[in-house]
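In case you want the letters, here they are:
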Amino acid sequence: MRERIWAPLLLLLPLLLPPPLWGGPPDSPRRELELEPGPLQPFDLLYASGAAAYYSGDYLQAVRDLEAALRSHRRLREIRTRCARHCAARHPLAPLGEGPGAELPLFRSLLGRARCYRSCETQRLGGPASRHRVSEDVRSDFQRRVPYNYLQRAYIKLNQLEKAVEAAHTFFVANPEHMEMQQNIENYRATAGVEALQLVDREAKPHLESYNAGVKHYEADDFELAIRHFEQALREYFVEDIECRTLCEGPQRYEEYEYLGYKTGLYEAIADHYMQVLVCQHECVRELATRPGRLSPIENFLPLHYDYLQFAYYRVGEYVKALECAKAYLLCHPDDEDVLDNVDYYESLLDDSIDPASIEAREDLTMFVKRHKLESELIKSAAEGLGFSYTEPNYWIRYGGRQDENRVPSGVNVEGAEVHGLSMGKKLSPKIDRDLREGGPLLYENITFVYNSEQLNGTQRVLLDNVLSEEQCRELHSVATGIMLVGDGYRGKTSPHTPNEKFEGATVLKALKSGYEGRVPLKSARLFYDISEKARRIVESYFMLNSTLYFSYTHMVCRTALSGQQDRRNDLSHPIHADNCLLDPEANECWKEPPAYTFRDYSALLYMNDDFEGGEFIFTEMDAKTVTASIKPKCGRMISFSSGGENPHGVKAVTKGKRCAVALWFTLDPLYRELERIQADEVIAILDQEQQGKHELNINPKDEL
């Protein structure tokens, strides 16, 4: 076991050293925060003090403490980064030797680095680092920028409108589903009498700002400035990458992998921790590309720099650099026919003295991709030996290339581009690839038609009542009480969408199993199965589908408002999203790519009760804030709709009581049929045979579960 664990560790350790500043240093050094006198105050205590002052009406003190908490949080991150890089440089990791005690030089360098890091932190923080350990709740609040929500309200009370707008916008960037905040910003603008009041994101990442500036100049055909900003964005990106990877070297907390070093040997414990560090570092590419609060096509963010640059350099006549950037882009998207064509064309423009084969991909991205691939191989090979599961995301998925309509920027003569050989491939927006029809028969008596798509202000939507009877609602609610588990369907998370509600769930197969075990009446468990099949048939018929609709996932779910956490609540029970694509409110797009459930075609929600407050189901525009329809759940009511970007939706906060429903997702592709549903079908078939008494069964259905 020792050799098996140390083999990947030997490759892993050099990767923990800070990588070089690819692309050179930034044009201007990062300004260090002003030091406040005395030891650095823990940001969680300042945050708690600021919130308490806000609720007591002392808004001036609230602003002081909350601003100090934000400064302390930024300063702590900076200190940890600087100390880690300083100590890594002073104490490089020694290689393993041979023979007895071969590992001692490595351990000596590790101990030296740890001693250096602790000393550096203590000196810069003005006290022990343990004072700055915070709870996951506080960590989550700062990640979601909650302190800025308090700040914008406090600044308004102090009549400091400009600062209130800054705080409100900073919060809204990370929480675009927060409709109240959007309204606040518009109200502040109206109050100031300045419609175009500048919106400042105080937590904006420098590399994203430079990138956005580059895109702006690119689209204006100002290629010299575009190049300057894109190159600046790359330098800042790689600096941020170093910082992200350095911060990963601290304690690790993985939800799906419990640290078990104390139960194993020394080598396994060290390898265990370092693999967690490496996974964290490996996923920095995702963190750095994510704009807070939006699900965007983040995976193609870094290669897009080179996609823009290859054409910008071409337009200013620097063909070698254009070729280097095009080849760099192909490292991530080797089958991109547009850029492959451009490579051939750039090579034809080179001087006869230059060998095209001698022009290689940009070194900065070459080194980045090489390291990324090595990390990926190492994580996969070590996962089995160390006993944890890891699914490698496809970080380089293409979502349609640059944001210009063509593969050349707007304003360039199309005929000239064709003459010069540059590809003109179009970017396609997601769309439904089937006929849009509705109004088919509802199949069952007593079902009441309420609204169609037009009346619900959308596409492929229907609202029905009396799909369940009052008695069936009561029976299903009773089943839910007996079989639901907290966090079921949400990877065990008690509050997956909001900390103010508890989520419980159960599948059809779990219900049938509970029926066999006698924990709920088998008849009631069977009802869950039957009503979900009823809903499937209604959806298939109403939308006049000419092929079979299959279950993709079936889930009974209840969400309960947590007492003591409903005051001044302004979040959603379920943020605005689409069911089969990644909603990008800023771009008004929905990207039908993994990790979205791209195979889902239709969705339905069948409600079981109405004895709660809040919890309205809402449709919005693709901006995730303009509500187009709001539906109050009640017993027997069903809303169904197509699962794509044409139907963004969410759930308003449940502020009192428990809201229960059966959530159903369907697919037209039999390859994506729900496995548990297939097993449940088999159990139901056995039940039917037992009831009919036609066959003598030689199998215990309980064993099949």
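Note: the structure precedes this text.
Residues numbered from 1 in each chain as written. Predicted model: local features only at pLDDT ≥ 70, side-chain atom pairs only at ≥ 80, totals over all residues. Heavy atoms only, no water.

K.L.:
I'd like a rundown of the pattern of salt bridges, residues and numbers included.
P.N.:
Scanning the model with the defined rule gives 24 salt bridges in all. A salt bridge links E78 to R82; the shortest N-O distance between them is 3.5 Å. Within this pair, E78 and its partner R82 are both found in helix α3 (residues 59-90), separated by 4 residues, close to a single helical turn. We classify E78 as buried; its relative accessible area is 14%. Ionic pairing is found between D465 and R637, a salt bridge with its closest N-O pair at 2.7 Å. (Salt bridge = Lys/Arg side-chain N within 4 Å of Asp/Glu carboxyl O. Helix = DSSP H or I, 4+ residues; strand = E, 2+ residues; numbered from the N terminus. Buried < 20%, exposed > 50% of the residue type's maximum accessible area, 1.4 Å probe, protein only.)

K.L.:
Tell me what's going on with unusual backbone geometry, and back it up with residues and numbers.
P.N.:
For N446, which is not glycine, the phi dihedral falls at a positive 75°. In this fold, N446 is placed in the loop between α17 (414-420) and β1 (448-451). Of note, the phi angle at A624 is positive, near 65°, even though the residue is not glycine.

K.L.:
So what's going on with the nonpolar core? Residues and values would help.
P.N.:
Ranked by size, the top nonpolar core spans 48 residues in total, and within it L464, L476, V539, M556, M638, V662 and F666 carry the most contacts. Contributions of two or more residues to this core are made by β2 (461-465), α18 (470-483), α19 (508-516), α20 (522-542), β5 (550-561), β9 (602-607), β16 (658-667) and α21 (675-692). The biggest single contributor to this core is α20, with 9 residues. (Core = buried A, V, L, I, M, F, W, Y, C linked by side-chain atoms within 4.5 Å.)

K.L.:
Before we move on, can you summarise the packing of aromatic side chains with the specific residues and values?
P.N.:
What the rule picks out here adds up to 31 aromatic pairs. Plain terms: the ring middles of Y314 and Y345 are 5.8 Å apart, the flat faces sit at 70° to each other, and that makes the pair edge-to-face. Placement of Y314 in helix α13 (residues 301-315) and of Y345 in helix α15 (residues 337-349) is noted, with a sequence separation of 31 residues between them. An identical accessibility class is assigned to Y314 and Y345; each is buried. Feature note: the residues Y211, Y218, F223, F230, Y308, F311, Y314, Y319, Y345 and Y346 constitute an aromatic cluster, connected by ring pairs. The lysine or arginine in question, R461, covers the ring of F619, its NZ or CZ lying 3.9 Å from the ring centre. When the ring centre of Y597 is taken as origin, the NZ or CZ atom of R600, which lies over that ring, is 3.9 Å away. (Phe/Tyr/Trp six-rings, centres within 6.5 Å; stacked < 30°, edge-to-face > 60°. Lys NZ or Arg CZ within 6 Å of the ring centre and 35° of its normal.)

K.L.:
So what about the sheet that holds strand β11 (residues 617-620)? Which residues, and what values?
P.N.:
Spatially, β6-β14-β11-β12 is the arrangement adopted by the 4 strands of the open sheet, whose pairing is antiparallel. The open sheet has two free edges, formed respectively by β6 (572-577) and β12 (627-631), since each of these has just one partner strand. Each adjacent strand pair in this sheet contributes to an overall mean axis angle of 20°, direction not counted. Note: β6 against strand β14 (residues 649-652), 3 bridges, orientation antiparallel. Bridged to L572 within β14 is K652. (Pairing = 2+ DSSP bridges. Axes fitted to C-alpha atoms, helices over the stretch in contact; angles between N-to-C directions.)

K.L.:
Any details on the sheet that holds β2? Residues and values, ideally.
P.N.:
If you trace the 8 strands from one edge of the open sheet to the other, you get β1-β2-β13-β9-β16-β5-β4-β3, paired in antiparallel fashion. Unpaired on one side and paired on the other, β1 and β3 (485-486) mark the two borders of the sheet. In the sheet, β9 pairs with β16 via 6 bridges, with the strands oriented antiparallel. In the strand pairing of β16, L605 is matched with A663. Those strands touched by α18 are β3, β4 (501-506), β5, β9 and β16, and its axis lies near 80° from that of β5. (Contact = heavy atoms within 4.5 Å.)

K.L.:
Give a description of the packing of helix α6 (residues 146-157) against helix α7 (residues 161-174) that names residues and reports values.
P.N.:
Interaxial distance between α6 and α7 falls to 8 Å at its minimum, and their mutual angle equals 160°. Of the possible angle classes, the one that applies to α6 and α7 is roughly antiparallel. For the pair α6 and α7, the sense of crossing is left-handed. Along its contact with α6, which presents V146, Y148, N149, L151, Q152, Y155 and I156, the element α7 presents L161, K163, A164, A167, A168, T170 and F171. In terms of residue class, the contact of α6 with α7 is built from 10 nonpolar, 3 polar and 1 charged. (Parallel < 35°, antiparallel > 145°, perpendicular 65-115°, else oblique. Left-handed = near helix turned anticlockwise from the far one by under 90°. Nonpolar A, V, L, I, M, F, W, Y, C, P; charged D, E, K, R; others polar.)

K.L.:
So what's going on with a negative patch on the surface? Residues and values would help.
P.N.:
Residues D335, E337, D341 and D344 make up a contiguous surface patch of negative charge. Locating E337 in the fold gives a position in helix α15. You can call E337 exposed: its relative accessible area is 61%. (Patch = residues over 30% accessible without salt bridge, like charges linked within 9 Å, V, L, I, M, F, W, Y side chains within 5 Å. Areas by Shrake-Rupley, 256 points an atom, 1.4 Å probe, with all protein chains shown as cover. Lys, Arg positive; Asp, Glu negative; His and termini not counted. Charge placed at Lys NZ, Arg CZ, Asp CG, Glu CD.)

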